[in-house]
Amino acid sequence: MADKTREISVVVIGGSYAGAAAAKQLAVLSKKGYSGLKVTLVDQSTHYFHAIGFPKALVDAEYAESAFLPFADFFPNGTKHEFVNQKLSRVLDEHHVELDNGQELYYDYLVLATGGQAPGPINVVGRTKDEGVAEIRQLREGLDNADSVLVVGGGAVGVEVAGFVAEKYPGKRVTLVHSRARLLPEHFRPGLSNGAIDKLGRLGVKVVLNDKVEIPSDFGYASNVGHRVLHGTTSGNDYASDVQILAVGFRLHTEYVEPLEQVLGHSLREPTSGALRVRPTLQLENSAVPHIYVPGDVNNLPGSTKFGFKAEMQGNTAAGNIKKMIASGFDKAFKSADNAQAVAEAAPKASAWSDYVDLMLVPIGPDLGVAQVLKIALGSSGLANLFVRQLKSKDFMLGMRKGYFPKSKKAKRE
């Protein structure tokens, strides 16, 4: 059995759904005899932002304030674990990363949970709570003063934003334009789209399908406050509005692996998207680095896996596999291995991540919604409203996330 008291360094890059889950689960090993274990969580923001709750935060200032949780409260007091408020610059080699400030961190195990730049303003770019809250407030104030709102993109984010805006501002004209033939991800049942169109219509939202909106180069990424006319390239229609919110596009920035690719002599990324190629176990595809895991949006798994709760599940799987490697003493064996084959042979068998949860919950305002459970679409029915309201609409599951920040919860009680 491997020495539990040995020094073990785990570095987790990214503190959103996948990274937070992995870091939290691995840190627990300290209570199980691994006295030399240190988990370092690295994130460019001072606070975790509950991005799933953005549609509610957009129209509810109090909720927006509560949706930012300080990473300083992530690890309990009295542990070796550490939060570092920096951005990853480069993965230098099999054991070192470099941060934007030039700091190098050694790792025995690395979790790359850097995610992606999510659609529209759900991707808050401010690096502090104050900056993030101000960003959302500026858009909210734009909505307060607008007569018309255009939402571009009919995925879950676009549908939820359109629904919450229409419910909050019943006198405003809200238009949702989507480039495809139906709303929401197409691997879900058509009844989900039909129900969403019906319930958006009840709130006065005009839904336009099969029209791709041209986004001007000077528009920016997330949203625009101010009267503009955007052009539908498919229909030829012009869409005039006072506020425009983009819920389209997803960008990955994985240039940080270039030094590691040079060391390995092997590409680690998909050539078009930049997604990091992984095995079913969420390990990087290259067998020379079985101690590097990539859960969440930044990996090349199918689009059907790109949801917050599935990223969290992947983070848990990655952590479970790292636990196996730690228990086997892989980190010690790696240091003595003299070639890639020896490294691969030293690694214990890892468990594959299983995408077994078939679930979609889409609030459309606080009282309406659509859902899919076990391949059954709850679209236009009242049962869907009840189901979504109970499971998601109230706080977009923020209460569950607060459990990751024990010191924040304690301070609030006091």
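Data block above holds the structure.
Rules behind the numbers
Residues numbered from 1 in each chain as written. Predicted model: local features only at pLDDT ≥ 70, side-chain atom pairs only at ≥ 80, totals over all residues. Heavy atoms only, no water. Helix = DSSP H or I, 4+ residues; strand = E, 2+ residues; numbered from the N terminus. Buried < 20%, exposed > 50% of the residue type's maximum accessible area, 1.4 Å probe, protein only. Contact = heavy atoms within 4.5 Å. Pairing = 2+ DSSP bridges. Right-handed = clockwise from strand over helix to strand, strands pointing away. Salt bridge = Lys/Arg side-chain N within 4 Å of Asp/Glu carboxyl O. Axes fitted to C-alpha atoms, helices over the stretch in contact; angles between N-to-C directions. Expected span 1.5 Å × (residues − 1). Arc of directions from axis to C-beta. Left-handed = near helix turned anticlockwise from the far one by under 90°. Nonpolar A, V, L, I, M, F, W, Y, C, P; charged D, E, K, R; others polar.

1. Brief notes about the environment of Leu 92
Mapped onto the secondary structure, Leu 92 falls in the loop between strand 6 (88–91) and strand 7 (96–99). For Leu 92, a relative accessible area of 17% gives the class buried. Those residues in contact with Leu 92 that sit more than four places away from it in its chain are Val 97, Glu 98, Glu 104, Pro 259, Leu 260 and Val 263.

2. A look at the pairing of strand 1 (residues 8–13)
Strand 1 sits mainly inside the fold: six of its six residues count as buried. Of the two faces of strand 1, the one holding Ile 8, Val 10 and Val 12 and the one holding Ser 9, Val 11 and Ile 13 are both buried throughout. Examined bridge by bridge, strand 1 and strand 2 (residues 37–43) share six bridges and lie parallel to one another. Looking at strand 2, one finds that Ile 8 is bridged to Leu 37. After leaving strand 1, the chain enters helix 1 (residues 17–27) and then returns to the sheet as strand 2, a path that is right-handed. Pairing analysis gives four bridges linking strand 1 to strand 9 (residues 109–112), with the strands arranged parallel. Residue Val 11 lies in a different strand from strand 9, and its bridge partner there is Leu 110.

3. A short note on the pattern of salt bridges
Applying the stated rule across the entire model yields 13 salt bridges. The shortest N-O distance in the salt bridge between Lys 335 and Asp 108 comes to 3.7 Å. Residue Lys 335 is found in helix 9 (residues 330–336), and its partner Asp 108 is found in the loop between strand 8 (104–106) and strand 9; the two are separated by 227 residues along the sequence. Residue Glu 261 is joined to Arg 269 by a salt bridge in which the shortest nitrogen-to-oxygen separation is 2.8 Å. Neither residue differs from the other here; Glu 261 and Arg 269 are each classed as buried. Residues participating in the shared-partner salt-bridge network are Glu 258, Glu 261 and Arg 269.

4. A look at the sheet that holds strand 10 (residues 148–152)
Think of a sheet as strands paired side by side through backbone hydrogen bonds, with each pair either parallel or antiparallel. Here six strands make up an open sheet; going across it, the order is 12-11-10-15-14-13 and the pairing mixed. Edge strands, defined here as strands with exactly one partner in the open sheet, are strand 12 (206–208) and strand 13 (213–214). In terms of strand pairing, strand 14 (residues 223–232) meets strand 15 (residues 238–246) through seven bridges, oriented antiparallel. The residue bridging Ser 223 from the neighbouring strand is Ile 245, located in strand 15. Along the sheet face, helix 4 (residues 129–144) touches strand 10, strand 14 and strand 15 and points at about 150° away from the line of strand 15. On top of the sheet, helix 5 (residues 156–168) reaches strand 10, strand 11 (173–177) and strand 15; it is set at about 170° to strand 11, its chief contact.

5. Considering helix 11 (residues 382–393)
The end-to-end C-alpha distance of helix 11, which contains twelve residues, comes to just 14 Å, noticeably less than the 16 Å that a straight helix rising 1.5 Å per residue would cover. For helix 11, the set of buried residues is Ala 384, Asn 385, Val 388, Lys 392 and Ser 393. Looking straight down helix 11, one finds its buried side chains confined to an arc of 100°; they lie on one side. Packing partners of the buried residues in helix 11 comprise helix 2 (54–59), helix 5, helix 6 (190–202), strand 17 (359–364), strand 18 (368–373) and strand 19 (376–378).

6. Re the packing of helix 1 against helix 8 (residues 308–328)
With their axes 7 Å apart at the nearest point, helix 1 and helix 8 run at an angle of 35° to one another. As for the relative orientation of helix 1 and helix 8, their crossing is right-handed in sense. Along the contact surface, helix 1 presents Tyr 17, Ala 18, Ala 21, Ala 22, Gln 25 and Leu 26, while helix 8 presents Gly 308, Ala 311, Glu 312, Gly 315, Asn 316, Ala 319, Gly 320, Ile 322 and Lys 323. Of the residues assigned to the contact of helix 1 with helix 8, the class counts are eight nonpolar, five polar and two charged.

In short, geometric facts, not functional conclusions.
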